[in-house]
Amino acid sequence: MLMLTSCVGEEPDNIAYITALGIDKSEDGYIYTIQFAHPVQISGGASESGGSGEDIVQIVAVEAPTLYSAINNADSIVSKELTLSHAKLFVISEETAAEGMEDMNDVFSRNNDIRPDIYIAIAEDAGKYLEEVQPVIELNPVKYYQLIYEDENGPAIPENTALDFFSASVSGSKDCLLPYAGVAEVKEEEKLGEKGEKEHKSSENKSQEEAKLNEDGFENGTKYYYAGQAGKKISNKSEVLGAAIFKDNKYIGKLGSTDAEIYNILENKFKEMNVTFYSDATPQTPITIKIEEKNAPKYDINKEEKHIDIYMKIEGELLSAPSEYRKDHTILELNKSASEMINKASEDLAGRLYRQYNTDALGIKGKLRRQFITNDAYYSYCSDFNPYEWSFSAYADVNIKRTGMTYYY
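Residues numbered from 1 in each chain as written. Predicted model: local features only at pLDDT ≥ 70, side-chain atom pairs only at ≥ 80, totals over all residues. Heavy atoms only, no water.

J.: Give me the nonpolar core: which residues, what numbers.
T.: Leu 362, Ile 364 and Phe 392 are the most contacted members of the largest nonpolar core, which has 48 residues in total. For Phe 392, the residues in contact, after removing those within four places along its chain, are His 307, Ile 308, Ile 310, Glu 347, Ala 350, Tyr 354, Leu 362 and Ile 364. Counting 43 residues, the second-largest nonpolar core is a separate cluster that includes Leu 84, Ile 118, Leu 178 and Ala 244. (Core = buried A, V, L, I, M, F, W, Y, C linked by side-chain atoms within 4.5 Å. Buried < 20%, exposed > 50% of the residue type's maximum accessible area, 1.4 Å probe, protein only. Contact = heavy atoms within 4.5 Å.)

J.: Account for the side chain of Thr 330, naming residues and giving values.
T.: Checked against the element boundaries, Thr 330 lands in helix α9 (residues 328-356). Accessibility expressed as a relative area gives 8% for Thr 330, which makes it buried. (Helix = DSSP H or I, 4+ residues; strand = E, 2+ residues; numbered from the N terminus.)

J.: Describe helix α6 (residues 141-149), with residues and values.
T.: Buried within α6 are the following residues: Pro 141, Tyr 144, Tyr 145 and Tyr 149. Burial along α6 is one-sided: seen end-on, the buried residues are contained in an arc of 110°. (Arc of directions from axis to C-beta.)

J.: Run through the pattern of salt bridges, naming residues and quoting values.
T.: Scanning the entire structure with this criterion turns up 12 salt bridges. Among the salt bridges present, the one from Glu 99 reaches Lys 25, with a minimum N-O distance of 3.6 Å. Remark: Lys 25 occurs in strand β1 (residues 15-26) and Glu 99 occurs in the loop between α3 (94-98) and α4 (102-110); sequence separation between them is 74 residues. Assessed through its relative accessible area of 44%, Glu 99 is described here as partly exposed. (Salt bridge = Lys/Arg side-chain N within 4 Å of Asp/Glu carboxyl O.)

J.: Summarise the packing of aromatic side chains; cite the residues concerned and give the values.
T.: This model, assessed by the stated rule, comprises 12 aromatic pairs. Taking the centre distance of 5.4 Å and the plane angle of 45° together, the rings of Phe 372 and Tyr 381 count as tilted. A relative accessible area of 21% means that Tyr 381 is categorised as partly exposed. A connected cluster of aromatic rings, assembled from ring pairs, spans Phe 372, Tyr 378, Tyr 379 and Tyr 381. One residue, Lys 367, lies across the ring of Tyr 299, its end atom 4.5 Å from the ring centre. (Phe/Tyr/Trp six-rings, centres within 6.5 Å; stacked < 30°, edge-to-face > 60°. Lys NZ or Arg CZ within 6 Å of the ring centre and 35° of its normal.)

J.: A description of unusual backbone geometry should follow, citing residues and the corresponding values.
T.: At Asp 248, a residue that is not glycine, the phi angle is positive and equals roughly 55°. By the element assignment, Asp 248 lies in the loop between β12 (238-247) and β13 (250-255). Unlike most non-glycine residues, Asn 358 shows phi in positive territory, near 55°. With respect to the helices and strands, the residue Asn 358 is situated in the loop between α9 and α10 (364-368). For Asn 358, a relative accessible area of 23% translates into the label partly exposed.

See the structure below:
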């Protein structure tokens, strides 16, 4: 019992907790951008006291061939011992991820400090993304990443952890999509303060000009955003929006916000969100519906014809619409219109993932296992599995709730 009266290991005051880590390619290896928390500024986590923005996290970047040598080099710069035990995010550059993530999977599986629920994101420049992270509201940086990457009510990024990515890669049952992170290109304006000193104030987000408008279908009338394009005027330039597409552990392309929403619906990782679109009946007035996926999508797989029927059940609640939508028959028409939009978007996304990118992003190989009696028969079939040979049909059953103000005639 005397052994229980003391702790083992390093004292907490001597430890620097890494909150996020970025990996970029360099000529001689990799550049590791290490972001660690500033405990004094955090002041108890989500309290109202303490620092904000860049005050609560510090950045050190080192060049090294491996993660472990990078941390060793950083330890000579930071007085305290760095640890990954509280890390919440790994950001990998597009160039690094395009070469393959096998080495990173090996790190996740062998390092006891790295938690299996850590998030992996892909960015054009991983170091730049972490340098621009300024959680001005949430004082705890780990909590900030958790709220950003686990937000089920704004599902514009795929929800896959390091454990999900590792399991899918090892089993070969599917190809994962990971969150895509980016930095907004913001024009800074100089402004004179009360005492005549110069202050910098964020102005228009130049990156937003590149966002394209969804002309029709799901979320028509709204813009198709990539990370860095969402804010109009922002102080935190770092954003997470859209999805990075993988094929056999290698990054091959990216999707925007609207496609990421549909992907989450197809993957049963969707809770609820507000969808805005324009109907043919009221082309000048936007209609907003809160949609919620009640059940997991059903996949009816015909392995002989290599065709899949996807059935979705979605409930909706009308949040804003013209007065005509108080009539029952108009709501029935809206059910049909919303269903057709989701069907079209789902078939289009599945078709692009499988035929254009040749990636099994919906995990068809994993879903096929139950159709075989023996493992030998299953592995024999999967040896000739080609994603581009598959076709899809989507059937969404959208049911918008009637309210007490609905006229039934």
